[in-house]
Amino acid sequence: MEVTGEHIVEFEGVTKIYKSKASLFSRSSEEVVALRDLTLNIRKGEIFGLVGESGSGKTTAGRLLVKLEEPTEGVIKLDGTDITKLKGGRLKEFRRNVQMIFQDPYQSLNPQVSIFEAVCEPLVIHGIGNSGNRKEMVEEMLALVGLSPPEDFLARYPHQLSGGQRQRVAIARAMILKPTMVVADEPTSMLDASISAQIFNILLDMRERFQVSILFITHSLAAARYLCDRLGVIYKGSLMELGPSGVIIAEPRHPYTQALIDALPKFGQCGSVFHYGTLLAEERRGIEDGEGKGTKEFCPFFPRCRPARAEKCANAMPRLENLSPGHAIRCFFPARPSLQVETAGSSKCYYGI
Amino acid sequence: MAGSVQKRAGFKGAFLEGWEIFKESLLGRIGLTLILIFALMAVASFIPPMIDPMYHPMHGVDPEISFSTGPSLRHWLGTDFMGRDILSQLLAGARVAFMVGVSAAFMSIFLGTSIGMIAGYMGKAVDTMLMRLADMIMVMPTLLVVLILSSLFGQLNIWTIVLIIALFRWPGVSRVIRSQTLSLKTRPFIEAARVAGASHFRIIFRHIMPNVLPLSFLYMTFRVTSAIIIEAALAFLGFGDPGTVSWGMMLQWVWKTGHMFKAPYWLLPPGICISLITLSFYMLGRAMDEVLDPRLRKEADAS
């Protein structure tokens, strides 16, 4: 389907801080900034990839979007309406339009509930269909996610299915309400590579069929390149680079994105593989435990960034700025567009997922 | 409808799987056999009064006997001080024990499970309030409270005693169910239900309850034991329901009429029965514990 210019989701200055409560023995309460001032848009019908390492805040962004958690600051809009203050009937309508596919299919299905009941439950909750045609709707959706013949699966329980089959059930459950927006939180990180590819194809098929927009959260740039139209690279809660996925993979401009590409396993006839080499083997010391701890602003990637210059990067937080229309990075010293060295991703050299 | 058929298949499967493990446990087999014997006794308690009205455990007096006699063909376990048949009293006692034990346990499990799930799921102020209430009730000695109540209001009806036992025995269950709920609450399938738009009511009863019920049933067997013991103690101390023949009541009659050391045929049967029935429910509980918690299973089972 066509990706239109219209925005379905808008994050505007979203910040999420987790506070650990002050206890009897430690007076000071610790704060963890999971997301810092996140601003990005997801277009209608697009698959937007959010890439980052563990603890970077990418999952938090997804959880905020499905209202499993509330932002500390900022506004999240779905189709132009602020979702942070929804209640009652409006909230239920929102729940119908936004669904989530969870990371671990072994945990996201209730072990006591049969496949039929699990997939049917959203229909029951939202009063869609009646006991007669719900069964047909469930069977149709199971067939779409590749569980066929669907009748065979209705009576089974999650423990009788493989991981890939469970994740298909989870996708069917999310898609049965025909949502406009789906958050897929690392849906393949628990599965083998071959199964992952099948799951990606199901997601692509769902986008074609139901015109759904997907926020795809992943730690794998290769998976993101296969699936996503645009990418956001996130590090320690800050969006570092944002742009079309082809451009970001082929010509990354942020040192962190370059480091991520270096980290990808490559195979095939790669010749002499180009390395950006932007990641320091050992972290720089002295920022976080120096004077004025916690008050000083600095680039979050500075401690691990080779091209960084201390006088600037350690003393201010760079802003997200456009390099070209649709491609923005958060760096004082954006790398020059690389000369076309033979990089992975060309015709005979492949990235592993 | 399709749904109901599928559900039965799943629970049946889980049940059979549990039964396989249960069968392996010696404790479980002994416990279950004993419980079945007591259940047979309870059912058989309806027979003697039908044979002859003199075998009625409460009102039936042998017209030819007016004092305690030992076992005979006419009275297999002998008679009590006014000529009532001890065997028929013993059988009636089994019925009362089951009635008291199962109904008090069921009520306290029902209360404990609901309160535990609500406290665990809602958290915050609701949790604090319910759990402090549970703490307060937990530290009150049940027997003492019932003694005080019955000295205030005179003899208590057997169902009042059951109700009081239930009201005082839920906190232990609710603590366990609460902690189980706390760990379930953060599991992704609960979050998945929230994302699908499920109400709190639906999440508690459709998603949390089926996952804590096995634990509730386990605790039910232990609660049966304590309910039977409390009832027996009350009856022995003379605070039981005077209209019911329970084993504790029989012991009280032995003691009150001074037959403690003169009539072992009268003293021993109810004493042994009380010990065995509590022991059998305890053994059943331990075996069920093994079914529910794989860590308790023997090494041999794993290989």
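Parameters and conventions
Residues numbered from 1 in each chain as written. Chains lettered and ligands numbered in written order. Predicted model: local features only at pLDDT ≥ 70, side-chain atom pairs only at ≥ 80, totals over all residues. Heavy atoms only, no water. Helix = DSSP H or I, 4+ residues; strand = E, 2+ residues; numbered from the N terminus. Contact = heavy atoms within 4.5 Å. Areas by Shrake-Rupley, 256 points an atom, 1.4 Å probe, with all protein chains shown as cover. Pairing = 2+ DSSP bridges. Axes fitted to C-alpha atoms, helices over the stretch in contact; angles between N-to-C directions. Salt bridge = Lys/Arg side-chain N within 4 Å of Asp/Glu carboxyl O. Polar contact = N/O pair within 3.5 Å; in protein donor to acceptor, adjacent residues only side chain to side chain. Nonpolar A, V, L, I, M, F, W, Y, C, P; charged D, E, K, R; others polar. Buried < 20%, exposed > 50% of the residue type's maximum accessible area, 1.4 Å probe, protein only. Patch = residues over 30% accessible without salt bridge, like charges linked within 9 Å, V, L, I, M, F, W, Y side chains within 5 Å. Expected span 1.5 Å × (residues − 1). Parallel < 35°, antiparallel > 145°, perpendicular 65-115°, else oblique. Left-handed = near helix turned anticlockwise from the far one by under 90°.

Describe the overall build of chain A, listing the residues and the values that go with them.
Within chain A one finds eleven helices and 14 strands. Long-range contacts, defined as pairs at least 24 residues apart, comprise 67% of the intrachain contacts of chain A with a sequence gap of at least 6. Total accessible area on chain A is roughly 16400 Å²; 49% of this is exposed by carbon and sulfur atoms.

Before we move on, can you summarise the sheet that holds strand S3 (residues 47–51) of chain A with the specific residues and values?
All names here are of chain A. Taken in spatial order, the eight strands make up an open sheet running S6-S7-S8-S3-S9-S10-S13-S12, and their pairing is mixed. Sheet topology places strand S6 (98–101) and strand S12 (320–324) at the edges, where each strand pairs with a single neighbour. Neighbouring strand axes in the sheet, compared pairwise and without regard to direction, differ in orientation by 20° on average. Strand direction decides the pairing type here: S3 and strand S9 (residues 230–235), joined by four bridges, are parallel. Within S9, the residue paired with valine 51 across the bridge is valine 233. On the sheet, helix H10 (residues 255–263) packs against S3, S9 and strand S10 (238–244) and is oriented at approximately 100° with respect to S9.

An account of the interface of chain B and chain A is requested, with residue identities and associated values reported.
Facing 22 residues of chain B, the contacting portion of chain A comprises 30 residues. If you look at where chain B meets chain A, you find three salt bridges. Notably, a salt bridge pairs B:Arg206 with A:Glu117, separated by 2.9 Å at the nearest N-O pair. The interface formed by chain B and chain A holds eleven residue pairs in polar contact (both at pLDDT 80 or more) in total. Sorting the residues of the side of chain B that touches chain A by element identifies helix H1 (2–24), helix H8 (188–195) and helix H9 (200–236) of chain B as the ones contributing at least two each. The element contributing the most residues to the side of chain B that touches chain A is H8(B), with seven residues. Within the side of chain B that touches chain A, the residues separate by chemical class into eleven nonpolar, five polar and six charged.

I'd like to hear about unusual backbone geometry, residue by residue, with values.
Residues and elements named next belong to chain A. Following serine 148, the chain continues into proline 149 via a peptide bond in cis, with omega recorded as -5°. In this structure, proline 149 sits in the loop between helix H4 (131–144) and helix H5 (151–154). Positive phi values are uncommon outside glycine, yet lysine 178 reaches one of about 50°. Within the element layout of this structure, lysine 178 appears in the loop between helix H6 (163–175) and strand S7 (181–185).

So, the pairing of S3(A): which residues are in play, and what are the values?
Residues and elements named next belong to chain A. When you tally the buried positions in S3, you get five out of five residues, the bulk of the element. Going residue by residue along S3, you find Ile47, Gly49 and Val51 tucked away on one face and Phe48 and Leu50 tucked away on the opposite face as well. Bridging between S3 and strand S8 (residues 213–218) involves five bridges; their strand directions are parallel. Note on S8: the bridge partner recorded for glycine 49 is phenylalanine 216.

Lay out the pairing of S12(A) with the relevant residues and their values.
All names here are of chain A. Bridge count between S12 and strand S13 (residues 327–330): four bridges; the pairing is antiparallel. When the bridges of S13 are listed, leucine 320 appears paired with arginine 330. Counted along the chain from S12 to the antiparallel partner S13, the turn is two residues long, and its residue glycine 326 has a positive phi close to 85°.

Requested: an account of the environment of B:Val176, with residues and values cited.
All names here are of chain B. On the secondary structure map, valine 176 appears in helix H7 (residues 158–185). For valine 176, a relative accessible area of 22% corresponds to the partly exposed category. With 63 residues separating them along the chain, valine 176 and threonine 113 place their C-alpha atoms 8.7 Å apart. When neighbours within four sequence positions are excluded, valine 176 is seen to be in contact with Leu215 and Tyr219.

I'd like a description of a nonpolar patch on the surface, backed by residues and values.
The grouping of B:Leu268, B:Ile272, B:Leu276, B:Leu279 and B:Tyr282 at the surface amounts to a nonpolar patch, some 430 Å² of accessible area in total. In this structure, B:Tyr282 sits in helix H11 (residues 264–292).

Describe H9(B), and please don't skip the residues or the numbers.
Between the first and last C-alpha of H9(B) there are merely 46 Å, a value that for 37 residues lags more than 12% behind the 54 Å anticipated at 1.5 Å per step. Immediately beyond the C-terminal end of H9(B), within one or two residues, lies B:Gly238, with a positive phi of roughly 95°.

Any details on the pattern of salt bridges? Residues and values, ideally.
Under the definition given, this model contains 20 salt bridges over all chains. The partner of A:Lys44 in a salt bridge is A:Glu6, with the nearest N and O atoms 3.2 Å apart. Residue A:Lys44 is found in the loop between strand S2 (31–43) and S3, and its partner A:Glu6 is found in the segment before strand S1 (7–19); the two are separated by 38 residues along the sequence. For A:Glu6, a relative accessible area of 48% gives the class partly exposed. Residues B:Arg202 and A:Glu121 are paired through a salt bridge, measuring 2.8 Å at the closest nitrogen-oxygen approach. You can see B:Arg202 sitting in helix H9 and its partner A:Glu121 sitting in helix H3 (residues 115–125), one on each of two chains.

Lay out the packing of H6(A) against helix H7 (residues 193–210) of chain A with the relevant residues and their values.
Residue and element names in this part refer to chain A. In the contact formed by H6 and H7, the axes pass within 10 Å of each other and the chain directions differ by 15°. With respect to H7, the element H6 is oriented roughly parallel. Of the two elements, H6 crosses H7, and the hand of that crossing is right-handed. Contacts from Gly164, Gln167, Arg168, Ile171 and Met175 of H6 reach H7 at Ile195, Gln198, Ile199, Ile202, Leu203, Met206 and Phe210. Looking at side-chain class alone, the contact of H6 with H7 contains eight nonpolar, three polar and one charged residues.

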